[in-house]
Structure formats: structure tokens, C-alpha cells
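The residues making up each chain are set out below.
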Amino acid sequence: MSFPETRLRRLRATPALRSLVRETSLKPDDFVMPLFVRPGKGQRRPISSMPGHFQYSVDELLKAVREIAAAGVPGVILFGIPDRKDSRASGAYAKDGIVQRAASAIKDRHPELAVIADLCFCEYTDHGHCGVVKGGKVLNDETLELAARTAVSQAKAGADVIAPSGMMDGQVAAIRGALDSAGFGMTAILAYAAKYASAFYGPFREAAESPPKFGDRSSYQMDPANLREALRETALDVSEGADMVMVKPALAYLDVVAAVRERFGLPTAAYSVSGEFAMIKAAAQNGWIDEKKAALEALVSIKRAGADFILTYYALEVARWLG
Ligand code: PBG
């Protein structure tokens, strides 16, 4: 059958018909909200490139988390800005580290929420790289030891999920081994399996105060041109014990999301990063784009590509729009 018997417009004729044949939909429980936590009390410092987002002290963070939970968003991912940075990233695995304190405070008040701890060192090192640096190089195997320690301290603090984002080879195996030997066999790993060296992280680096002091991250994060390599990265993380895998960024990498989801069948997340959020916000603030429609369209495209859930700075706003 073809035209004129077949007319695809028939099912687009009314809102009711369109809703019946809609293939993908968004719900508040598709989202995870990224949050930035810093030391102090009563702190709520605006992040200029991410309107509506703040660096919170733990007390203020709890207020934000209450709203997020009330809107039906099931998870948060925590990024820390420590008091001081050093060459060994000691703030990342300190017992009273900022993410550790935030995780335990959140689990205390909201045990039902999934607390994901991002595990990376760029926010904690004085040079801003995601690992131990010697002679201007980011060392892989030396960084794994720190990753293992950090994972255990985050799990002790109550994190349900550890999300290593440093793109060191072997990090998932190192973390799984350390968690298991420390008695945290039930702590899950969300692997940033395919994380690209992306310009879309710009606003995040302001938010997390984490830009590298020299060079860039291209010796560990992936080349945006590569898809087959993303599948190799993901295969390794799966074999090392990842419970869930993630592709990051999302919008410019929907083909990667689709391929990872199709090939591995593990729960697949996509991280719609700071620059994706900032582009829509900025255009909307200029009156150049309909924010609500644009944000929903971007997010539904990520889900349509195959993401089971989405880390997005729009989590709270969208959950409210949908609610
Ligand atoms: C840390 C990290 C980054 C992001 C998440 N974890 C920045 C980077 O790799 O430079 C970016 C998230 C975003 O842009 O929203 N390694």
C-alpha cells in the first residue's frame, strides 16, 4: 500500500491520536540531577554559565535535594569542590571529604534517593588533571590506586553508586576489586564508558573549578571522531564489572548511545552535559528559542536513541514541567 491509501498524517490529526502512537516519553524518573557541593555553611553560589545552578554547602544542598526528591527525580550525582587542592587529590578520598559528607547527609534524610558519587580527581588536584601527574604526563596505574581508595571512602559514606569519570584504563576493575574487598559488594558502578574530550564541558569546569592548568584531556578522554573505540571502551568496562554504562556528552553522540545500548544491553545512561544545558538556556534567555520545547525535544531524542536514564541539569525543571 502506498499513497493515497496510506496517509501517515491520519495519526497526526489530533493530540489524542498523537499521544496514542507516541513511541518515547519522558518521566521524572528518567533523570539524575548533577549537584555541586562545597565547604562552608549557608553557601549558595550561583554558577554564571549555568543559570539556576549553584555550588551549595551541605546544609543548602539538602534543601535543593528535598525539592528534587519531591519532584520525583530518583537520583543525584555529586561533584565536590574541596577546601584545598594538592598533587595527590587527597580531598577526594578524605574521610570527611566534601562528597563523603554530602553523600552521608543526603542518605540520612533521603534514604530512598539514589546517590551517585562521581569519582574523578580533576576537582581535587592542584594541576586540574584527572590523575597523578609526573613530568607533565597523567599516569594511569598510579591513579588507579587513588581511585580504589576514593571508591571505598565514597561507599563508606553511603553512596549507592560509584561513577568513575577519569577515563583511566582499568579503573572499573580497580574499583570493583577494592569495593568487594572492603565489604561493599552491593555498591554499584556506573562507568563513564565512553567519555569524549569535549568542548561542551566548558560551564562544568567553571562550576567545579576544575580546568586543567596545562594541556588538555585528550590523552585520556576520547577523540570525538571515534565510534568503534567507544565500543571497545564499553566492552572493557563491562568485562571489568560495570553494572551500568554511560555515554558522555549526549546530544552530539546519539549514535554512540544507540550503538552502546544495542550492543551491550546493559542499563545505559547518557550525560547531557553542562554545555548542552547552557546552549539552550542562553538561547532561551535571548528569546531565540522556546526553552521548554527545546529542552524536552533534546531530552526525548536522547531517550529515543536508547538511553535508559539521563543525567541532566534540567532534571528538576523538566520533572516539574512533566509533573
Ligand atoms: C570530571 C568531569 C567533567 C564532567 C563530569 N565529570 C569535566 C571534564 O572531564 O573536564 C563534565 C560534566 C559536564 O560538563 O556537565 N572529569
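Described in the following lines is the structure provided in the data block. Since we're looking at a predicted model, the values are computed, not measured.

In contact at an axis separation of 8 Å, helix α5 (residues 140–156) and helix α6 (residues 171–181) are set at 45° when each is read in the N-to-C sense. In terms of orientation, α5 lies oblique with respect to α6. The hand of the α5/α6 crossing is right-handed. On α6, the residues that touch L144, A147, A148, A151, V152 and A155 of α5 are Q171, A174, I175, A178 and L179.

It is worth spelling out a nonpolar patch on the surface at this point. A cluster of nonpolar side chains, L11, L17, L20 and V21, forms an exposed patch at the surface whose accessible area comes to about 360 Å². Along the chain, L11 falls in the segment before α1 (15–20).

Per the stated rule, a full pass over the model turns up 0 disulfides. Here C122 stays unpaired: no disulfide links it, and the sulfur of C120, its closest cysteine neighbor, is 4.0 Å away. Between C130, a cysteine without a disulfide, and C120, which holds the nearest cysteine sulfur, the sulfur-to-sulfur distance is 3.5 Å. Exposure remark for C130: the relative accessible area of 1% places this residue in the buried category.

What follows deals with helix α11 (residues 291–305). With 15 residues, α11 extends 21 Å from end C-alpha to end C-alpha; this agrees with the ideal 21 Å at 1.5 Å per step. Every buried residue of α11 is accounted for by A294, A295, A298, L299, S301, I302, K303 and A305. Two or three places before K292, at the start of α11, stands the capping residue D290, its side-chain oxygen 3.2 Å from that residue's backbone nitrogen. G306 lies just past α11 and shows a positive phi near 130°.

For the structure shown, the criterion picks out 11 aromatic pairs. On the numbers, 4.9 Å between centres and 80° between planes, the contact of F79 with F204 is edge-to-face. Taken as a pair, F79 in strand β4 (residues 75–80) and F204 in helix α7 (residues 202–207) lie far apart in primary sequence, 125 residues in all. For F79, a relative accessible area of 2% gives the class buried. Classification of F204 as buried rests on a relative accessible area of 12%. Ring plane angle 40° and centroid distance 6.1 Å describe the contact between Y271 and Y313, whose orientation is recorded as tilted. With Y271 in strand β11 (residues 268–272) and Y313 in the loop between β12 (309–312) and α12 (315–322), this residue pair connects regions lying 42 residues apart in the sequence. Note on accessibility: Y271 and Y313 belong to one class, buried. Aromatic rings pair up to connect F36, F79, Y192, F204, Y271, F277, Y313, Y314 and W321 into one cluster. Positioned above the aromatic ring of F54 is the side chain of R44, whose terminal nitrogen or guanidinium carbon lies 4.0 Å from the ring centre. For K248, the ring lying beneath its charged end belongs to Y271, and the centroid distance is 4.7 Å.

Cut-off values and rules
- Residues numbered from 1 in each chain as written.
- Predicted model: local features only at pLDDT ≥ 70, side-chain atom pairs only at ≥ 80, totals over all residues.
- Heavy atoms only, no water.
- Axes fitted to C-alpha atoms, helices over the stretch in contact; angles between N-to-C directions.
- Helix = DSSP H or I, 4+ residues; strand = E, 2+ residues; numbered from the N terminus.
- Parallel < 35°, antiparallel > 145°, perpendicular 65-115°, else oblique.
- Left-handed = near helix turned anticlockwise from the far one by under 90°.
- Contact = heavy atoms within 4.5 Å.
- Patch = residues over 30% accessible without salt bridge, like charges linked within 9 Å, V, L, I, M, F, W, Y side chains within 5 Å.
- Areas by Shrake-Rupley, 256 points an atom, 1.4 Å probe, with all protein chains shown as cover.
- Salt bridge = Lys/Arg side-chain N within 4 Å of Asp/Glu carboxyl O.
- Disulfide = S-S within 2.5 Å.
- Buried < 20%, exposed > 50% of the residue type's maximum accessible area, 1.4 Å probe, protein only.
- Expected span 1.5 Å × (residues − 1).
- Polar contact = N/O pair within 3.5 Å; in protein donor to acceptor, adjacent residues only side chain to side chain.
- Phe/Tyr/Trp six-rings, centres within 6.5 Å; stacked < 30°, edge-to-face > 60°.
- Lys NZ or Arg CZ within 6 Å of the ring centre and 35° of its normal.

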